[in-house]
Amino acid sequence: MQWNTETMTWAVVALLLFAAEAMAPGAFMLWLGFAAAAVFAIVLVIPGVPVLVQAAAFVLLSFVSIQVYRSWFRGREPRSDKPTLNRRTEALIGSVVPLERAIVNGHGRVQIADAYWDVTGPELPAGTVVRIVSSRGMSLLVEPAV
Amino acid sequence: MGLSAVLSVVLLFAGVILVLKAVRMVPQGYEWTVERFGRYTHTMDPGLHFLIPIVYGVGRKINMMEQVMDVPSQDVITKDNAVVKVDGVVYFQVLDAAKAAYEVAQLEVAILNLVMTNIRTAIGSLDLDESLSKRDEINARVLVAVDQATHPWGLKVNRIELKDIQPPRDLVDSMARQMKAEREKRANILEAEGHRQAEILRAEGEKQAAILEAEGKREAAFREAEARERLAEAEAKATQLVSDAIAGGNVNAINYFVAQKYIEAFKALAEAPNQKFVMMPMEATGVIGSLAGIAELAKNALGSDALAAQASTRTPPPSPRLGG
């Protein structure tokens, strides 16, 4: 184990990358930072590793760190407290509205806050109060609200 | 600098670029489409994503937030050939990023043209007056049409508002004049109606007054006639009573009445304010004779008890009407 220019360089690169990630979060510099930190550990433990091998190890370890994150941490991300943000159709599910136009041949129309939405569901006359149960593409699936 | 050093630098660059291509962070409010060798495969929602570099790439970055777009002012001809300037505003939101990315080129231009043509259609089917007053109707009509048309593009048009419908200057002026004339007409009519109503009311009042007056007169006449009838009746009765009294009693009773009337008439003559001098044949002896008659009457009445009883039945007390 010995400190030299190479180890110092990798340590600085790792810290710079972490700092860059902290300043401008874009995620990808984080993995590069981990890789740089790993290469720093390698050259610290095994002196005399060729520069080409170091570079190759850095690139390889970058992808390894990404893969490690994907397999280990992906499912453990905290859920958003507003999962329907920017998802207009999903946000409407559960709301109860009257039919503005009768459902004929499976297609009708409702008005929700100025906008007109196509709805699909069982044949119902206009004015029936329906509940939106799900969305399919641009149209909403409804059932009569009881 | 050796070959290995150059290779190292190249390797580092390539590695960094590959990582950059592999790790993608989609910000909230956007969705990015992913293409595999140029062909759409799926859409990335907000958050961290990993793509196999070179094979997969980001295609379009679609804004999923509701967006507002100004519809530039355009000249529109109404049904009655008036040229109006119309501008508006459109609110829309992308619901399907892939459709918005690939089903339409130049999304905003497409929406704008659709809205503009539909506004022209909607206003072109209405008169100028209608298009100015039925703005909500036009909005709804354009909205439904545009919304339907943009469905294949994965778009939801939430709202279309006509900001301004501006008729030409001279038309606005004449419209103002028309409105003013209309108001004046209404005012004049109202005034005339008021006058008419007032006249009618006044005539009605006069009629009512005349009727009431006539009725009053009629009633008064009736009552007067009644009074005269009643008076005649009373006089007849009094005469009857007097004649009865005379028939059954003393002739001196008449003398009493005559004497009373005579004195009364004489008194009235004497008291007349303008009559200072009275030329009248007067027989004092006649009056005295009458008085003697009264005395005899009194004597008869107060003479004896039997006589008194007789007198009370025969000569009733004189009627107050005649005596007064």
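Residues numbered from 1 in each chain as written. Chains lettered and ligands numbered in written order. Predicted model: local features only at pLDDT ≥ 70, side-chain atom pairs only at ≥ 80, totals over all residues. Heavy atoms only, no water.

Stated precisely, the cut-off is as follows: UniProt positions are given in the numbering used here, feature names are shortened, and annotations may be inferred rather than shown by experiment.
With an unreviewed UniProt entry as reference, chain B is termed Protein QmcA, source organism Lysobacter auxotrophicus. Per its UniProt entry, chain B bears the Subcellular location (unreviewed entry) comment "Membrane". Its UniProt record gives chain B a comment under Sequence similarities (unreviewed entry), which states: "Belongs to the band 7/mec-2 family."

As recorded by an unreviewed UniProt entry, chain A carries the name NfeD family protein and is attributed to Lysobacter auxotrophicus. The UniProt entry for chain A carries the following comment under Subcellular location (unreviewed entry): "Membrane".

### Comments concerning the overall build of chain B
The condition is simple: Put simply, DSSP marks the helices as runs of H or I at least four residues long and the strands as runs of E at least two long, and each gets a number from the N terminus on. To sort residues, take the accessible area from a 1.4 Å probe on protein chains only and compare it with the maximum for the residue type: under 20% means buried, over 50% means exposed, and anything in between is partly exposed. In this analysis, two residues are considered to be in contact whenever any of their non-hydrogen atoms come within 4.5 Å of each other. Surface accessibility follows the Shrake-Rupley procedure with a 1.4 Å probe radius. Residue values consider only the protein chains on display as shielding.
Check the secondary structure of chain B and you find 10 helices and eight strands. Counting across all 324 residues of chain B, residues that qualify as buried make up 26%. Long-range contacts, defined here as pairs at least 24 residues apart, represent 65% of the contacts in chain B between residues at least 6 apart. Here chain B has roughly 21100 Å² of accessible surface; of this, 59% comes from carbon and sulfur atoms.

### A look at the sheet that holds strand β5 (residues 139-144) of chain A
Inclusion rule: Between any two strands, at least two bridges found by DSSP are needed for them to pair. Simply put, an axis is a line fit to the C-alpha atoms, just over the touching stretch for a helix, and the angle between two N-to-C directions goes from 0 to 180 degrees.
With mixed pairing, five strands are arranged side by side around a closed barrel as β1-β2-β3-β5-β4 (chain A). The average undirected angle you get between the axes of adjacent strands in this sheet is 50 degrees.

### Describing empty space enclosed by the protein
As a reminder of what qualifies: Lining residues are those with an atom within 4 Å of a point, where the points come from a 1 Å grid over the protein atoms alone and group into cavities, where a 1.4 Å probe fits but cannot get out, or pockets, open sets with protein on both sides within 12 Å along at least five of seven lines. Grid points are joined across faces, edges and corners, and a volume is the space filled by probe spheres set on the points. Side-chain classes follow a simple rule in which Ala, Val, Leu, Ile, Met, Phe, Trp, Tyr, Cys and Pro form the nonpolar group, Asp, Glu, Lys and Arg form the charged group, and the remainder, Gly included, forms the polar group.
By the definition in use, this model includes one cavity of 30 Å³ or more. Considered as a void within the structure, the largest cavity measures approximately 30 Å³ in volume. Around the largest cavity, the lining residues are L85(A), N86(A), R87(A), Q28(B), G29(B), Y30(B), E31(B), P46(B) and M64(B). Residue composition of the lining of the largest cavity, grouped by class: four nonpolar, three polar and two charged.

### Remarks on the pattern of salt bridges
Rules: What counts as a salt bridge is simple: a side-chain nitrogen of Lys or Arg found within 4 Å of a carboxyl oxygen of Asp or Glu.
All chains considered together, the criterion is met by 13 salt bridges over all chains. A salt bridge links R87(A) to E90(A); its shortest N-O distance comes to 3.3 Å. In this structure, R109(A) and E100(A) form a salt bridge, with 3.3 Å as the shortest nitrogen-oxygen distance. For E100(A), a relative accessible area of 35% puts it in the partly exposed group. The network of salt bridges with shared partners includes R87(A), E90(A) and D45(B).

### As for the side chain of Q54(A)
All names here are of chain A. Rules: Definition of a polar contact: a pair of N or O atoms within 3.5 Å, with one able to donate and the other able to accept a hydrogen when the atoms are protein atoms, and with sequence-neighbouring residues admitted only if both atoms are side-chain atoms.
Looking at where Q54 falls in the secondary structure, it is placed in helix α3 (residues 51-73). Only 2.9 Å separates the side chain of Q54 from the backbone oxygen of V49, close enough to count as a polar contact. Among all residues touching Q54, those that are not within four sequence positions of it are E6, W10, V39, V43 and V49.

### Topic: the UniProt feature "transmembrane region" (unreviewed entry) in chain A
Following the UniProt record, the feature "transmembrane region" (unreviewed entry) maps to residues 32-64 of chain A here. End C-alpha atoms of residues 32-64 of chain A are separated by 10 Å, and the span's content is 85% helix alongside 0% strand.

### Examining the packing of helix α2 (residues 28-45) of chain A against α3(A)
Residue and element names in this part refer to chain A. Just so we agree on the cut-off: Throughout, the term roughly parallel applies to angles under 35 degrees, roughly antiparallel to angles over 145, roughly perpendicular to angles from 65 to 115, and oblique to all others. Less than a right angle of anticlockwise turn of the near helix away from the far helix marks a crossing as left-handed, whereas a clockwise turn marks it as right-handed.
Running from amino to carboxyl end, α2 crosses α3 at an angle of 130 degrees, the nearest separation of the two axes being 8 Å. Viewed along their axes, α2 and α3 adopt a mutual orientation that is oblique. Regarding α2 and α3, the two cross each other, and that crossing is right-handed. Residue-level inspection shows W31, L32, F34, A35, A36, A38, V39, I42 and V43 of α2 in contact with α3, the latter providing Q54, A57, F58, L61, S62, S65, I66 and Y69. Taken together, the residues of the contact of α2 with α3 sort by class into 14 nonpolar, three polar and no charged.

### With respect to the interface of chain A and chain B
The condition is simple: Buried area: the accessible surface (1.4 Å probe) lost by two parts on joining, summed over both.
Contacts between chain A and chain B engage 31 residues on the former and 38 residues on the latter. The largest share of the area that chain A buries against chain B comes from N86(A), Y116(A) and M138(A), three residues that together contribute 23% of it. Taken together, the connections running from chain A to chain B amount to three salt bridges. When the shortest N-O distance is used, the salt bridge between E66(B) and R88(A) registers 2.5 Å. At the junction of chain A with chain B, the criterion picks out nine residue pairs in polar contact (both at pLDDT 80 or more). At the level of secondary structure, the elements contributing two or more residues to the side of chain A that touches chain B comprise α2, α3, α4 (88-92) and β3 (115-120) of chain A.

### Notes on the nonpolar core
What counts is decided by this rule: Each nonpolar core is a collection of buried residues, namely Ala, Val, Leu, Ile, Met, Phe, Trp, Tyr and Cys, held together in the definition by side-chain atoms within 4.5 Å.
Core analysis: the biggest nonpolar cluster contains 37 residues, and I111(B) and I123(B) have the highest contact counts within it. Those elements that provide at least two residues to this core are β6 (67-77), β7 (83-94), α2 (97-102), α3 (107-124), α5 (135-150) and β8 (155-166) of chain B. Leaving out residues up to four positions away in the same chain, I111(B) has contacts with M69(B), V90(B), F92(B), W153(B) and L155(B). Counting residues in each nonpolar core, the second largest holds 23 residues, with A14(A), M29(A), A57(A) and I66(A) among its members.

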